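What follows is the residue order along each chain.
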Amino acid sequence: MSDYGGSYSGFRLEQDGPVLTCLFNRPEVLNAYNPDIYAEISRLCKAVGPDKNIRVVIVTGEGSAFCVGGNVKKFVSGETDTPGLVRENFLTHSEVNGFLDLPQPTIAMINGDAIGGGFAFALQCDILVASTKARIGFAYSRIGLSPSTPLLALTPLMASLNLVKEYVFSGELIPSDEALRIGLVNHVYPHEELDKRTRELAGRIASASPVSTRFAKLILNKEIRRRNIELDTAAEALLALSSEMDDHAEGKQAFVEHRKPRFTGS
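Everything numeric in this text was worked out from a predicted model, so none of it was measured. (Residues numbered from 1 in each chain as written. Predicted model: local features only at pLDDT ≥ 70, side-chain atom pairs only at ≥ 80, totals over all residues. Heavy atoms only, no water.)

Novice: So what exactly am I meant to see when it comes to the sheet that holds strand β9 (residues 174-175) here?
Specialist: Strand pairing in a sheet relies on backbone hydrogen bonds, with the paired strands running either antiparallel or parallel. If you walk across this open sheet you meet the 4 strands as β4-β6-β8-β9, and the pairing is mixed. Edge positions in the sheet fall to β4 (65-67) and β9, since each has one partner strand and no second. Direction of pairing for β4 relative to strand β6 (residues 113-115): parallel, over a ladder of 2 bridges. Bridging across to β6, A65 finds its partner in D113. (Pairing = 2+ DSSP bridges. Helix = DSSP H or I, 4+ residues; strand = E, 2+ residues; numbered from the N terminus.)

Novice: In this structure, what is going on with the pattern of salt bridges? I would like to understand it.
Specialist: Any two side chains of opposite charge can pair, so long as their charged atoms come close to each other. On inspection of all chains with the given rule, the structure shows 12 salt bridges. With a closest N to O distance of 2.8 Å, D113 and R135 form a salt bridge. Remark: R135 occurs in strand β8 (residues 135-137) and D113 occurs in strand β6; sequence separation between them is 22 residues. Here D113 falls in the buried class, since its relative accessible area comes to 15%. In this structure, D195 and R199 form a salt bridge, with 3.1 Å as the shortest nitrogen-oxygen distance. Residue D195 and its partner R199 are located together in helix α8 (residues 194-206), separated by 4 residues, close to a single helical turn. Residue D195 is classed as partly exposed on the basis of its relative accessible area of 38%. (Salt bridge = Lys/Arg side-chain N within 4 Å of Asp/Glu carboxyl O. Buried < 20%, exposed > 50% of the residue type's maximum accessible area, 1.4 Å probe, protein only.)

Novice: Would you explain the environment of N25 in this entry?
Specialist: In this structure, N25 sits in the loop between β2 (19-24) and α1 (37-48). The class of N25 is partly exposed, set by a relative accessible area of 25%. Not counting the four nearest positions on each side in its chain, N25 is found in contact with S9, G10, F11, R12, N31 and E62. Within polar-contact distance, the side chain of N25 engages the backbone nitrogen of F11 at 3.1 Å. (Contact = heavy atoms within 4.5 Å. Polar contact = N/O pair within 3.5 Å; in protein donor to acceptor, adjacent residues only side chain to side chain.)

Novice: Got a minute to help me understand a nonpolar patch on the surface in this structure?
Specialist: On the surface, L238, L241 and M245 cluster together to form a nonpolar patch covering roughly 270 Å² of accessible area. Topologically, M245 is positioned in the loop between α10 (222-242) and α11 (246-256). By relative accessible area, which is 35% here, M245 ends up partly exposed. (Patch = residues over 30% accessible without salt bridge, like charges linked within 9 Å, V, L, I, M, F, W, Y side chains within 5 Å. Areas by Shrake-Rupley, 256 points an atom, 1.4 Å probe, with all protein chains shown as cover.)

Novice: Help me understand the pairing of β2 in this model?
Specialist: Looking down a regular strand, the side chains alternate between one sheet face and the other. Among the 6 residues that make up β2, 6 are buried, leaving the element largely enclosed by the rest of the structure. Neither face of β2 is left uncovered, since the one carrying V19, T21 and L23 and the one carrying L20, C22 and F24 both have all their residues buried. In this structure, strand β1 (residues 11-16) lies alongside β2, joined through 6 bridges in antiparallel fashion. Paired with Q15 across the two strands is L20, which belongs to β2. Taking the residues that link successive antiparallel strands as the turn, the β1-β2 hairpin has 2 residues, and the phi of G17 there is positive, at about 60 degrees. Two strands pair when backbone bridges link them, and β2 and strand β3 (residues 56-61) are joined in this way by 6 bridges, in the parallel orientation. Counted as the bridge partner of F24 is G61 from β3. A crossover links β2 with its parallel partner β3, the connecting element being α1, and its sense is right-handed. (Right-handed = clockwise from strand over helix to strand, strands pointing away.)

Novice: Would you mind showing me how to read the packing of helix α5 (residues 149-158) against α10 here?
Specialist: At their nearest, the axes of α5 and α10 sit 8 Å apart, and the two run at 140 degrees to each other. As the angle between them shows, α5 and α10 are arranged oblique. Handedness of the crossing formed by α5 with α10: right-handed. For the pair α5 and α10, contact is made by T149, P150, L152, A153, L154, P156 and L157 and by E223, I224, R227, N228, L231, D232, A235 and E236, respectively. Considering only residue class, the contact of α5 with α10 consists of 9 nonpolar, 2 polar and 4 charged. (Axes fitted to C-alpha atoms, helices over the stretch in contact; angles between N-to-C directions. Parallel < 35°, antiparallel > 145°, perpendicular 65-115°, else oblique. Left-handed = near helix turned anticlockwise from the far one by under 90°. Nonpolar A, V, L, I, M, F, W, Y, C, P; charged D, E, K, R; others polar.)

In structure tokens:
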């Protein structure tokens, strides 16, 4: 297998014929991502995209979670600078496209919790399938942050706007069966069958004409890209602003102390 751009700290790769699997591989922290993940995903997509031997990419997580977003404990301890990370993403626009940049069809195999930025990674994929054990969450309102662009741009294309607003505002986790009902995932499979059923789906897509699938994806994703561009500046600016406000500091502290946050709106 090609090294596809070298080594990565946030995920590992497996190849089975025309199907490449990208696994977030920090299971000890429920695959919470580190600050380098956006650049690594960009590097991976640039390396994989031109490879005609890869026809489908599966994105999933090691262990019990898909990806729970940023490591809040690192933010609280100061090991990760939340405002600095948000500003860097805002200036480079590195978070917006992610796996969307791949010309190959992509499947998010949501094996466990996909929360905040972790759910945003799943939304950058073309097809979302979930385990019966999986939960999806926006979660930003629970830690005093304004949501990122992929969540705000893509979810209203998948589910009704009023339902999206309910879950964005409340920050409540959505069980996979409810996510299926409202249109946020394509399929829900029994947990023990998830890998098999996802790879069967990937195999069916891989057997189709790659010219057709790549061209179709290019056209189908034009609306997604348009919405990303339209919302990006405002969403990322508000995310950066909220990252330096008191509510975010309180939300982070409450999270690590396992208590209900006392937000003041400042």
